[in-house]
Amino acid sequence: MSNAKQHAAEIVRTLRERGHQAYFAGGCVRDLLLSREPADYDVATDATPRQVMQIFPQTFAVGEQFGVVLVPESSGPTGAIPGGETGALARHGVVVEVATFRSDVGYSDGRHPDEVRFSKDPREDVQRRDFTINGMMLDPLVFDTTTNGILDFVGGRDDLNAGIVRAIGDPERRFAEDKLRMLRAVRFAARFDYMIDPATMSAIQHLAPQIHRVSCERVREELTKMLTEGRARRAFQLLDSSGLLPEVLPEIAAMKGVEQPPQYHPEGDVFVHTLLLLEKLQAGDSGSVSASVSGSVSKTLAWGALLHDVGKPPTFRAAPDRIRFDGHVEVGVKMAAEICRRLHFSNYETDQILALVANHMRFADVQRMKQSTLKKFLRLPAFEEHLELHRIDCLSSHGQLDSYDYSQEQLRSMPPEAIRPTPLITGQDLIEAGYEPGPRFKEVLTAVEDAQLEGRLTSREAAMEFVRREFPA
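**Remarks on the packing of helix H10 (residues 216–228) against helix H15 (residues 299–307)**
Then, in step 1: Running from amino to carboxyl end, H10 crosses H15 at an angle of 90°, the nearest separation of the two axes being 9 Å. As judged from the angle between their axes, H10 and H15 are roughly perpendicular. The residues of H15 that touch H10, namely those facing Arg220, Leu223, Thr224, Leu227 and Thr228, are Lys299, Ala302, Trp303 and Leu306.
Then, in step 2: By residue class, the composition of the contact of H10 with H15 is 5 nonpolar, 2 polar and 2 charged.

Spelled out as structure tokens, the structure:
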């Protein structure tokens, strides 16, 4: 039994010993029934937040008004964490969310309940949850792999067995309560390769324009999970058929029907090509670097793959010789920057995503590059992501990996110090040689570095002689 599961089971046991009902609830029950290890464990109980905090004195009351208390495995200071600081939580190891049975009244903001009424009835609690497969409860003290210990008031187990994502109760009401659930329906269907119940899909299609009520950060996180959980192609097909795609990423929806030159892209239009790339973002795919050390797909690589051709629709031109997308990289970088700004990506994530878009076409010239240009290209930050994007880009179109293989060979044959050597001279050397500091310094130092990378300069003395000859003071 994992530490998280054991800690959650002990919480259930302790609450039971104090006379309360308590069960595992939500996604962890779904995952256990699917023989998957849950990412985390949630406990539902009839104990009020105050009672939970009295029973477990080391707690964090991060959502007391909604009946939510966090119970850490390790001891630590009591009280709430300002702003829900994850760093403070992390110091306590395993943390389990304990939520009081409740019913929710009104959702004026389309995201949070206006009023929460605590309940003693688990049946009432599950009716407020999103999907039947997430609406089951489990008694960890008696659970086995059959039906013992399962509380299922919404038909979740049948839908789990049938592979269906179905809203609990009236789908339009569930989505009106929380618009984010529309994206979650798509994500769960993609992750488990399930179908979305027709009535649930119809409600999403009807309410899709209301997704803008959800914060950009929450939309970004759901989309990122879709891109990195191993079934990105399926997720974006569902986003398209549900009507959510033109609402959350109109730039991607605009790729549909944009033809490409068949000699380079026999697979089809820009949208089809992008879907093929997404299909290759497999978590843990051996032989590629799509997966990070943790086994999930790198989010920057995933977004780079999604956006690498975002500039093609506005630059489409049917020239006499063939279809062209003149300037699509530069346009794409600007469009990707706007998307990253709109979705509130971090500066680091934005920089890497834009670098992937900006450099993805440079591999076409890699075998003709000067040594200085090649080495600077190979030392781009997180170059393994650039290389992987190129690989799946090729495999999703013409299938030719000559430039990929050449780049790999160059990386293997060049020691790190050859790609990123210690500079022969610095700005201080130029000042001591009588040069006036200014914009020219960058030009001089770049020229010296290029000559060094090409093997034409190997010492400080030779570098200074080169500067005096080529850039007289």
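**Looking at helix H8 (residues 180–192)**
Then, in step 1: The terminal C-alpha atoms of H8 lie 19 Å apart, and with 13 residues this matches the ideal 18 Å at 1.5 Å per residue to within 8%.
Then, in step 2: With 11 of its 13 residues buried, H8 lies for the most part within the structure.
Then, in step 3: Burial in H8 covers these residues: Leu180, Arg181, Met182, Leu183, Ala185, Val186, Arg187, Phe188, Ala189, Ala190 and Phe192.
Then, in step 4: Looking at the residues trailing H8, positive phi occurs at Asp193, about 60°.

**Here's the deal with helix H25 (residues 460–470)**
Then, in step 1: Residues of H25 that are buried include every one of Ala463, Met464, Phe466 and Val467, and no others. Looking straight down H25, one finds its buried side chains confined to an arc of 155°; they lie on one side. Every exposed residue of H25 that faces more than 90 degrees away from the buried side is listed here: Glu461, Glu465 and Arg469.
Then, in step 2: The inward-facing, buried residues of H25 contact helix H23 (427–432) and helix H24 (440–453).

**Some words on the packing of aromatic side chains**
Then, in step 1: Going through the model one piece at a time under the given rule, you end up with 10 aromatic pairs.
Then, in step 2: Judged by centre distance (6.4 Å) and plane angle (10°), the ring pair of Phe188 and Phe192 falls under stacked. Here the residue Phe188 and the residue Phe192 both occupy positions in helix H8, the gap between them amounting to 4 residues, near one helical turn. Exposure class is identical for Phe188 and Phe192. Each is buried.
Then, in step 3: Taken together through their ring pairs, the aromatic side chains of Phe131, Phe175, Phe188, Phe192 and Tyr194 make up a single cluster.

**Notes on the packing of helix H9 (residues 198–207) against helix H11 (residues 232–242)**
Then, in step 1: Interaxial distance between H9 and H11 falls to 9 Å at its minimum, and their mutual angle equals 65°. With respect to H11, the element H9 is oriented roughly perpendicular. On the side of H9, the interface is formed by Met201, Ile204 and Gln205, while H11 contributes Leu238, Ser241 and Ser242.
Then, in step 2: Residue classes in the contact of H9 with H11 are distributed as 3 nonpolar, 3 polar and no charged.

**Some words on the pairing of strand S2 (residues 42–45)**
Then, in step 1: Across 4 bridges, strand S1 (residues 22–25) lies against S2 in antiparallel orientation. When the bridges of S2 are listed, Tyr23 appears paired with Ala44.
Then, in step 2: Direction of pairing for S2 relative to strand S5 (residues 95–100): parallel, over a ladder of 4 bridges. Looking at the pairing, Asp42 lines up with Glu97 of S5.

**Notes on the pairing of S1**
Then, in step 1: Both faces of S1 are covered, namely the face carrying Ala22 and Phe24 and the face carrying Tyr23 and Ala25.
Then, in step 2: Note: S1 against strand S8 (residues 137–138), 2 bridges, orientation antiparallel. Of the residues in S8, the one forming a bridge with Phe24 is Leu138.

**Notes on the environment of Arg166**
Then, in step 1: Relative to the helices and strands, Arg166 is located in the loop between strand S10 (164–165) and helix H7 (171–177).
Then, in step 2: Judged by its relative accessible area of 29%, Arg166 is partly exposed.
Then, in step 3: In this structure, the C-alpha to C-alpha distance between Arg166 and Thr132, residues 34 residues apart in sequence, is 5.9 Å.
Then, in step 4: Beyond its immediate chain neighbours, meaning those up to four positions away, Arg166 contacts Asp130, Phe131, Thr132, Asp159, Asp197 and Thr200.
Then, in step 5: Within the local environment of Arg166, its side chain forms a polar contact with the side chain of Asp159, the two groups lying 2.9 Å apart.

**Quick look at the nonpolar core**
Then, in step 1: Of all hydrophobic cores here, the largest spans 96 residues; its most connected members are Phe24, Val43, Phe236, Leu249, Trp303 and Leu307.
Then, in step 2: No other element matches the 9 residues that H8 contributes to this core.
Then, in step 3: Residues in contact with Trp303, not counting those within four places in the same chain, are Arg220, Leu223, Thr224, Leu227, Leu249, Ile339, Leu343, Phe345 and Ile353.
Then, in step 4: Of all hydrophobic cores here, the second largest spans 15 residues; its members include Leu424, Tyr435, Ala447 and Leu457.

**Some thoughts on the side chain of Gln352**
Then, in step 1: Relative to the helices and strands, Gln352 is located in helix H18 (residues 347–359).
Then, in step 2: The class for Gln352 is buried, based on a relative accessible area of 5%.
Then, in step 3: Apart from the residues lying within four places of it in its own chain, the contact partners of Gln352 are Thr300, Pro381, Ala382, Glu385 and His386.

**Thoughts on the environment of Glu221**
Then, in step 1: For Glu221, the position within the fold is in helix H10.
Then, in step 2: Since its relative accessible area comes to 29%, Glu221 is described here as partly exposed.
Then, in step 3: As a C-alpha pair, Glu221 and Phe345 span 124 residues in sequence and 9.8 Å in three-dimensional space.

**Quick look at the environment of Leu401**
Then, in step 1: Relative to the helices and strands, Leu401 is located in the loop between helix H20 (383–395) and helix H21 (402–413).
Then, in step 2: Taking the relative accessible area as the measure of exposure, Leu401 reaches 22% and is therefore partly exposed.
Then, in step 3: Through-space distance from the C-alpha of Leu401 to that of Arg391 is 6.9 Å; in sequence the pair is 10 residues apart.
Then, in step 4: Not counting chain neighbours up to four residues away, the residues in contact with Leu401 comprise Arg391, Cys394 and Leu395.

Rules of the game
Residues numbered from 1 in each chain as written. Predicted model: local features only at pLDDT ≥ 70, side-chain atom pairs only at ≥ 80, totals over all residues. Heavy atoms only, no water. Axes fitted to C-alpha atoms, helices over the stretch in contact; angles between N-to-C directions. Helix = DSSP H or I, 4+ residues; strand = E, 2+ residues; numbered from the N terminus. Parallel < 35°, antiparallel > 145°, perpendicular 65-115°, else oblique. Contact = heavy atoms within 4.5 Å. Nonpolar A, V, L, I, M, F, W, Y, C, P; charged D, E, K, R; others polar. Expected span 1.5 Å × (residues − 1). Buried < 20%, exposed > 50% of the residue type's maximum accessible area, 1.4 Å probe, protein only. Arc of directions from axis to C-beta. Phe/Tyr/Trp six-rings, centres within 6.5 Å; stacked < 30°, edge-to-face > 60°. Pairing = 2+ DSSP bridges. Polar contact = N/O pair within 3.5 Å; in protein donor to acceptor, adjacent residues only side chain to side chain. Core = buried A, V, L, I, M, F, W, Y, C linked by side-chain atoms within 4.5 Å.

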